[in-house]
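# Close look at the chain arrangement
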Amino acid sequence: MTTLLVHPAAGPLSGSVPVPSDKSIGHRALLLGALCEGDTRITGFSHGEDNVSTANALRAMGVVIDEPSPTELLIHGKGLDGLSAPASDLDCGNSGTTMRLLCGVLSSRRFRATLVGDETLSRRPMLRVAGPLRTRGARLTGRPHPTREGELLAPLVVGPLPEGAALGPHEHDSPVASAQVKSALLLSGLRAAGATRIREPSVSRDHTERLLSALGCPVRAVGSIVELDPSGWDGRMPAFDMAIPGDASAAAFLIVAAQLVEGSRVTVRDVGANPTRTGLLEIARDMGAGLSLEPQGERGGEPVAILHAWSAPLRAARVGGETVPRAIDEIPIACALAARASGTTRIRDAEELRHKESDRIATMATVLRAFGVECAEQPDGLDIEGHAGPLRAADVDSRGDHRIAMTAAVLGLVAAGPTRIRDAACIATSFPKFVATLRGLGARVDVEP
Ligand code: S3P
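What you see is a predicted model; the values in this text were computed from it and never measured.

## A look at the packing of helix H4 (residues 127-135) against helix H5 (residues 179-189)
Contact geometry for H4 and H5: axes closest at 9 Å, N-to-C directions at 30°. As far as their axial angle goes, H5 and H4 are roughly parallel. Of the two elements, H4 crosses H5, and the hand of that crossing is right-handed. Contacts between H4 and H5 involve Arg 128, Val 129, Pro 132 and Leu 133 from the first element and Val 181, Ala 184, Leu 185 and Ser 188 from the second. Within the contact of H4 with H5, the residues separate by chemical class into 6 nonpolar, 1 polar and 1 charged.

## Overview of the site of the ligand
What surrounds the ligand is a group of 13 residues, the closest being Ser 24, Arg 28, Ser 178, Asp 329 and Lys 356. A distance of 2.7 Å separates an oxygen atom of the ligand from a polar atom in the side chain of Ser 24. Here an oxygen atom of the ligand sits 2.6 Å away from a polar atom, N or O, in the side chain of Arg 28. Out of a free accessible area of 390 Å², the ligand has 95% covered by protein chains. Secondary structure elements with two or more residues in the shell around the ligand: helix H1 (23-35), helix H3 (96-106) and H5.

## A word on the packing of aromatic side chains
Inspection of every chain in the model, using the stated rule, returns 2 aromatic pairs. Measuring from centroid to centroid gives 6.3 Å for Phe 253 and Phe 434, while their planes differ by 75°, and the two rings are edge-to-face. Remark: Phe 434 occurs in helix H12 (residues 434-440) and Phe 253 occurs in helix H7 (residues 248-260); sequence separation between them is 181 residues. A single burial state applies to Phe 253 and to Phe 434, both of which are buried. Taken together, a centroid distance of 5.4 Å and an interplanar angle of 65° make the contact between Phe 431 and Phe 434 edge-to-face. Taking relative accessible area as the criterion, Phe 434 reaches 1% and is therefore assigned buried. Through pairs of rings, three or more aromatic residues link up here, namely Phe 253, Phe 431 and Phe 434.

The rules behind the values
- Residues numbered from 1 in each chain as written.
- Predicted model: local features only at pLDDT ≥ 70, side-chain atom pairs only at ≥ 80, totals over all residues.
- Heavy atoms only, no water.
- Axes fitted to C-alpha atoms, helices over the stretch in contact; angles between N-to-C directions.
- Helix = DSSP H or I, 4+ residues; strand = E, 2+ residues; numbered from the N terminus.
- Parallel < 35°, antiparallel > 145°, perpendicular 65-115°, else oblique.
- Left-handed = near helix turned anticlockwise from the far one by under 90°.
- Contact = heavy atoms within 4.5 Å.
- Nonpolar A, V, L, I, M, F, W, Y, C, P; charged D, E, K, R; others polar.
- Near = heavy atom within 4 Å.
- Polar contact = N/O pair within 3.5 Å; in protein donor to acceptor, adjacent residues only side chain to side chain.
- Areas by Shrake-Rupley, 256 points an atom, 1.4 Å probe, with all protein chains shown as cover.
- Phe/Tyr/Trp six-rings, centres within 6.5 Å; stacked < 30°, edge-to-face > 60°.
- Buried < 20%, exposed > 50% of the residue type's maximum accessible area, 1.4 Å probe, protein only.

Here it is as structure tokens:
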């Protein structure tokens, strides 16, 4: 179990750095590349463990994925109907996106597949995907939750759909804004007899819709309603080339680090700037952060920008409503901004955080208190009192949650002494070069095996 020792920053952070390829877009490029006809080339791929889980699951179903260079993948697509039965369980590792999106892809197949995950993933709710998929005819079973009646946990067994049967049309009014639920349903809809229509309470990330649309699939979005109607469509998707943009969720840690460490100036290159992912930038701006965005056009249908961040005095803000789904993975690092802002930041409408890699409301409350920051846990968020002066040097446990580990590392830069972050190997799920990147900006971070 890796432990990080983060030293207080001895001076400003400075430099221009890249971030890993976007994890969400990576999953979709892999899955759809496998369902296309011909060879799809993905460049700028960073091999975060979550994306590797998706690639390996596809390989186990007969998809050949070559790696012509360390950052390139060549996916030999098998067509929409071409996946074959896996010989063993599909290991989704820590990746909720892998498990939930695969449920969608697999629910219309004539074979059975078992999806397993690590300890953390095996605690996460799967009924949100299994429920609507079952309603449209999928066979999907799982392990009953020990305390929450009706809830399903991994391992999940999907399929087979009986010979001659097809998934039916489906209209889903989602109680939560979840791109994983939306994407699982859209992917199941590619082979369904009838339309898939999803309505979310507000818009979640739209990478699936963008890529499907670029591949000629009959998908349409109006506000937070998405519809896919395959009637009259031949089900063929052409192979594609895609340079994956940098991960906005990874960039968030560096942007916030630049706010916290006085005098810092940090540039993050080639970052995805899809508006369904930019909630953190808006929250940071509201808090007075030093931040500018230089648009760089589009890549594979996704907007890309260079982000410039510099330290500035921060003030408390109220975070809630439709911003939350667009910043859902960045709420932990937004808590780090709040910890250094003058006043009380109130975060609400973020109950979904309780169902992430850890219960991020409870875990962040523990982490903030370890650093001497006062906070109050709410059912759907946190109240955080800004703390002037150095934070208390902390000893924290990530609870296996990569975003908690990285948030604690950023807070450690403004602590009064070295901060120890235990169980930090999970950082590799999304940002394998996190420590090297922080060091490149001037931070001192030791890694203890
Ligand atoms: C993701 C969607 C979000 C996000 C996750 C990645 C995706 O989850 O938290 O890290 O790639 O679709 P939900 O759909 O559960 O909100």
